[in-house]
Amino acid sequence: MLTEPGPRPSFAPRNWPGWLLVAFLWLLGHLPLTSVFWLARPLGSLMRVVMRRRRKVAERNLHHCFPELDAQQQQSLLHGSFYALARAVFETARSWAGPSSYIERFGQLEGIENLQAAFGAGRGVLLISLHSTCLEIGGHIFGSAMKRRGWNLAPVYRPLKN
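What counts and how
- Residues numbered from 1 in each chain as written.
- Predicted model: local features only at pLDDT ≥ 70, side-chain atom pairs only at ≥ 80, totals over all residues.
- Heavy atoms only, no water.
- Helix = DSSP H or I, 4+ residues; strand = E, 2+ residues; numbered from the N terminus.
- Rg over C-alpha atoms; globule rule 2.2 N^0.38 Å.
- Buried < 20%, exposed > 50% of the residue type's maximum accessible area, 1.4 Å probe, protein only.
- Contact = heavy atoms within 4.5 Å.
- Lys, Arg positive; Asp, Glu negative; His and termini not counted.
- Charge placed at Lys NZ, Arg CZ, Asp CG, Glu CD.
- Salt bridge = Lys/Arg side-chain N within 4 Å of Asp/Glu carboxyl O.
- Phe/Tyr/Trp six-rings, centres within 6.5 Å; stacked < 30°, edge-to-face > 60°.
- Lys NZ or Arg CZ within 6 Å of the ring centre and 35° of its normal.
- Core = buried A, V, L, I, M, F, W, Y, C linked by side-chain atoms within 4.5 Å.
- Arc of directions from axis to C-beta.

Novice: Quick question: what am I supposed to make of the overall build of the chain here?
Specialist: A count of helices and strands for the chain gives seven helices and zero strands. The C-alpha radius of gyration computed for the chain amounts to 20 Å, which surpasses the reference 15 Å derived for 162 residues by more than 25%, pointing to a less compact arrangement than a globule. For the chain, the spread of C-alpha atoms along the three principal axes comes to 60 × 40 × 30 Å. The burial tally for the chain puts 24% of its 162 residues in the buried class. Residue pairs at least 24 apart in sequence account for 74% of intrachain contacts in the chain once pairs closer than 6 positions are excluded. With 19 positive and 9 negative side-chain charges, the chain shows a separation of 9 Å between the mean positions of the two kinds.

Novice: Looking at this structure, I do not really get the environment of His64. What am I missing?
Specialist: You can see His64 is positioned in helix α3 (residues 52–65). A C-alpha to C-alpha distance of 41 Å links His64 and Pro17, two positions 47 residues apart in sequence.

Novice: Mind showing me how you'd approach the environment of Arg123 here?
Specialist: Relative to the assigned elements, Arg123 resides in the loop between α6 (112–120) and α7 (133–148). Owing to a relative accessible area of 53%, Arg123 belongs among the exposed residues under this scheme.

Novice: I keep staring at the pattern of salt bridges and nothing clicks. Help me out?
Specialist: Two side chains carrying opposite charge are able to pair once their charged atoms lie near each other. In total, this model carries four salt bridges according to the counting rule given. Across the salt bridge formed by Glu59 and Arg55, the nearest N and O atoms sit 3.8 Å from each other. Here Arg55 and Glu59 lie together in helix α3, a separation of four residues that amounts to about one turn. Note on Glu59: relative accessible area 24%, which makes it partly exposed. Its salt-bridge partner being Glu59, residue Lys56 comes within 3.9 Å of it at the nearest N-O pair.

Novice: Please explain the packing of aromatic side chains as it appears in this structure.
Specialist: For any two aromatic rings, the description comes down to two numbers: the centre-to-centre distance and the angle of the planes. This model, assessed by the stated rule, comprises two aromatic pairs. On the numbers, 4.7 Å between centres and 35° between planes, the contact of Phe11 with Trp19 is tilted. Classification of Trp19 by relative accessible area gives partly exposed; the value is 22%. Centroid distance Phe119 to Trp151: 4.9 Å. Interplanar angle 75°. Geometry classified as edge-to-face. With a gap of 32 residues between them, Phe119 in helix α6 and Trp151 in the segment after α7 connect regions that are remote in the sequence. The side chain of Arg94 reaches across the aromatic face of Tyr102, ending 4.5 Å from its centre.

Novice: Got a minute to help me understand the nonpolar core in this structure?
Specialist: Ranked by size, the top nonpolar core spans 13 residues in total, and within it Leu28, Leu31, Ala40, Leu78, Phe82 and Phe90 carry the most contacts. Secondary-structure elements contributing two or more residues to this core are α2 (33–50), α3 and α4 (71–97). Here Phe82 is in contact with Gly44, Met47, Arg48, Met51, Arg54, Arg55 and Ala58, once residues within four sequence places are set aside. Counting residues in hydrophobic clusters, the runner-up holds six residues, among them Leu115, Phe142, Met146 and Trp151.

Novice: Mind showing me how you'd approach α6 here?
Specialist: When we look at burial in α6, the residues that qualify are Ile112, Leu115 and Ala118. On an axial view of α6, the arc spanned by its buried residues comes to 120°, and they lie on one face. Along α6, the residues that are exposed and aim more than 90 degrees away from the buried face are Asn114 and Gly120. At the C-terminal side of α6, Gly122 shows a positive phi close to 80°.

Put into structure tokens, the structure is as follows:
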């Protein structure tokens, strides 16, 4: 049986870095979309410079996947990839901390009666998904629907090894 989450961490000074991160996440999640698109460009450029290992992997993948493209075209794809990665940072923040009314317009749940039947029969349910920004948005929509029904969720995450 699932248990309720533990108590919220106190506001003691030792927890301030975590609370600052939560506040920053909340702020990112509430930015207007025009600001997100504008801020994602410089963040993508910064990530491309700072995340050297990821950049090298992306460059190697582009070289192997698109050998017909010249170096300038591959660099253009690389820049676009890091721009998309930066946008994903904002989309994730919006999924975690943004207003539900905004996020829930991106999708709908179908087949919830199957979950209800499994729960009613005393069976557990395992839902599996890939990890992408869509998972964050879908997770928010699904989590909100479950919370409205009074059902508890226990998400599990396994870090990538690449």
